[in-house]
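# Secondary and tertiary structure notes
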Amino acid sequence: MHLAFFVIPVIVMVPILIYLYIWFNRFLTLIPGISDRLRHGLAALLATAAAYLCWPIYRTGGVVISHFLVAGLLMEFIHFAVKKKNHGEIPKIWSFLYRSGILSVAIVAAVFLYGYINMQTVYERNYEIASEKVQRDMKFAVISDLHLGTNMDTDKLSGYLDGISSKTPDALLLAGDIFDENTTRDEMMRAAELFGQVKTAFGTYYVLGNHDPNHYVTEKQYTEEEMCQTLSEAGVHVLQDETVVLEGLNIIGRRDASSASRLETKELTAQGKPSQLTLLIDHQPLGLQANADAGVDLQISGHTHAGQIWPTGKLMELLGVSEMNYGYKRIDTMNTIVTSGIGGWGYAIRTGGHCEYVMIDVRKA
């Protein structure tokens, strides 16, 4: 999977570079008096510069140029249809629109405007499940994949946490990637304070995602140890392959799947009381059948963002990178919920899925 993270962008960049050359070459035909040799040279130079600016492909520039490629290919199909309908003759107005690329730019702008608005809109997603293991109804609030600083600051986060507190959940579950490489130290410390202030019966529980420890940068704003200590001092329980046995509830927090040293789920469920509801927080929705076999009653995951950029979510699910993209699934006796997250990574754009926090009501069967 880690190799694919680097190989796939290189493969994707090849057709993008070729199309950029074709597009610039065609665009430059609108400039009168330019020689063919100069036009080809400029097109190659501009295509290379654009490809360099949009590397790596999963950053903002790469996402923009990838959408431009798709829009451009759509224009190619339309151009083919127009040419065929007019028996090879191209109307002047369409010729200008096609060569200038105005429509491709407009399509990309519209998609990203929607993506920005979608990223700024946070929904409350509600689930209700039943269990014979609870002696009373329980309620859990879930926040995942905030990536603090991308689309939300701590003031906005505080408003959502106030709303969650007003619903009096039994526990607040933070399912990883609350912070990432771009979260500042001040943002991390303020958010930890806010999480610790949420009023619940059992407290706030935090598992680390793949971005929380800042593995992907060399110059870190803070270390993993400093982050965990700050959270703990604020009253947040950081669980790293740990089982907490409460009255009527077992809460398990796993290390992220990127950790080579994490324990098997069955080792963790063995530390709880089997007669109580066993709730597992695991950032990535992997090993679902093994977790069900280990006696988990409710698994909470995030990580996928429900496909932040369409159609990556479904592609990752089809390729087996994630076993679930989004939503609810029952596996044997285990209820599995994968949230799209309250934010997103890298850029404040979301063309796939939506932002949400989750409220789960567990009713006595």
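To keep things clear, this report deals only with the structure shown in the data block. Computed from a predicted structure; not experimentally measured. (Residues numbered from 1 in each chain as written. Predicted model: local features only at pLDDT ≥ 70, side-chain atom pairs only at ≥ 80, totals over all residues. Heavy atoms only, no water.)

### What about the overall build of the protein chain?
Threshold: Note on conventions: DSSP H or I runs of at least 4 residues are helices, E runs of at least 2 residues are strands, and numbering of each starts at the N terminus. Burial status follows relative accessibility: with a 1.4 Å probe on protein chains alone, a residue under 20% of its type maximum counts as buried, one over 50% as exposed, and anything between as partly exposed. Throughout, a contact is declared for two residues whenever any of their heavy atoms are within 4.5 Å. For accessible areas, the Shrake-Rupley method is used with a probe of radius 1.4 Å. Any residue's cover is judged against the shown protein chains and nothing else. Two residue types count as positive, namely Lys and Arg, and two as negative, namely Asp and Glu; His and chain ends fall outside the count. By convention, the point assigned to a charge is CZ for Arg, NZ for Lys, CD for Glu and CG for Asp.
When helices and strands are counted, the protein chain shows 11 helices and 12 strands. Seen through its C-alpha atoms, the protein chain measures out along the principal axes to roughly 80 × 45 × 40 Å. Out of the 365 residues belonging to the protein chain, those deemed buried represent 50%. Long-range pairs, those at least 24 residues apart, make up 73% of the contacts in the protein chain between residues at least 6 apart in sequence. Only carbon and sulfur atoms are counted for the fraction: they give 61% of the accessible area of the protein chain, which is about 17600 Å². For the protein chain, the distance from the average site of its 30 positive side-chain charges to the average site of its 38 negative ones is 10 Å.

### Some remarks on the sheet that holds strand β4 (residues 204-206)
How we decide: We treat two strands as partners when DSSP finds at least two bridges between them. An axis is simply a line fitted to the C-alpha atoms; with a helix, the fit covers only the stretch in contact. Between two such axes, the angle follows the N-to-C directions and lies from 0 to 180 degrees.
Reading across from one edge, β1-β12-β2-β3-β4-β5 is the order of the 6 strands in this open sheet, with mixed pairing throughout. Taken across any chain shown, the strands that pair with only one partner, and hence form the sheet edges, are β1 (122-131) and β5 (236-238). Adjacent strand axes in the sheet meet at a mean angle of 25 degrees when their direction is disregarded. Two strands pair when backbone bridges link them, and strand β2 (residues 138-143) and strand β3 (residues 171-174) are joined in this way by 4 bridges, in the parallel orientation. By the bridge assignment, Val142 is partnered in β3 with Leu173. Those strands touched by helix α7 (residues 185-197) are β3, β4 and β5, and its axis lies near 110 degrees from that of β5.

### So, the pairing of strand β6 (residues 242-246)
Judged from the 5 bridges that link them, β6 and strand β7 (residues 249-253) form a sheet pairing that is antiparallel. Paired with Val245 across the strands is Asn250, a residue of β7. Counting the residues in the hairpin turn of β6 and β7 gives 2 residues, including Gly248, whose phi is positive at 85 degrees.

### Points about the environment of His305
Just so we agree on the cut-off: Any N or O atom pair separated by 3.5 Å or less is treated as a polar contact, with the protein-specific requirement of one donor-capable and one acceptor-capable atom, and with residues adjacent in sequence counted only for side-chain atom pairs.
With respect to the helices, strands and loops of the structure, His305 is situated in the loop between β9 (298-301) and α11 (312-318). His305 sits in the buried class, given a relative accessible area of 7%. For His305 and Val338, which are 33 residues apart along the polypeptide, the C-alpha to C-alpha distance reads 9.0 Å. Engagement of the side chain of His305 in a polar contact is seen with the side chain of Gln308, the distance being 2.9 Å.

### Digging into the packing of α7 against helix α8 (residues 224-233)
Convention followed: Each angle receives one of four descriptions, namely roughly parallel if under 35 degrees, roughly antiparallel if over 145, roughly perpendicular if within 65 to 115, and oblique otherwise. Put simply, a crossing is left-handed when the front helix is turned counterclockwise from the back one by less than a right angle, and right-handed when it is turned clockwise.
Running from amino to carboxyl end, α7 crosses α8 at an angle of 30 degrees, the nearest separation of the two axes being 8 Å. It follows from the interaxial angle that α7 and α8 lie roughly parallel. Crossing handedness for the pair α7 and α8: right-handed. Two secondary-structure elements touch here, α7 through Arg185, Met188, Met189 and Ala192 and α8 through Glu226, Met227, Thr230 and Leu231.

### Here's the deal with empty space enclosed by the protein
Heads up, the rule is: Grid points spaced at 1 Å and placed over the protein atoms alone form the basis of the search, with a cavity being a set where a 1.4 Å probe fits but cannot get out and a pocket an open set showing protein on both sides within 12 Å along at least five of seven lines. Lining residues have an atom within 4 Å of a point. Grid points are joined across faces, edges and corners, and a volume is the space filled by probe spheres set on the points. Polarity classes work like this: nonpolar for Ala, Val, Leu, Ile, Met, Phe, Trp, Tyr, Cys and Pro, charged for Asp, Glu, Lys and Arg, and polar for all others, with Gly in that last group.
One pass over the full model with this rule turns up 1 cavity of 30 Å³ or more. Lining the largest cavity, in full, are Tyr19, Trp23, Arg26, Met75, Leu97, Tyr98, Gly101, Ile102, Leu103 and Ser104. Elements represented by at least two residues in the lining of the largest cavity include exactly α1 (2-27), α4 (92-100) and α5 (102-120). Partitioning the lining of the largest cavity into residue classes produces 7 nonpolar, 2 polar and 1 charged.

### Brief notes about the sheet that holds strand β10 (residues 327-331)
The strand order β6-β7-β8-β9-β11-β10 describes an open sheet built from 6 strands, whose pairing is mixed. Because the sheet does not close on itself, it has two edges, and the strands there are β6 and β10. The mean inter-strand angle of the sheet, taken between neighbouring strand axes irrespective of direction, is 15 degrees. Bridge count between β7 and strand β8 (residues 277-281): 5 bridges; the pairing is parallel. By the bridge assignment, Gly253 is partnered in β8 with Ile281.

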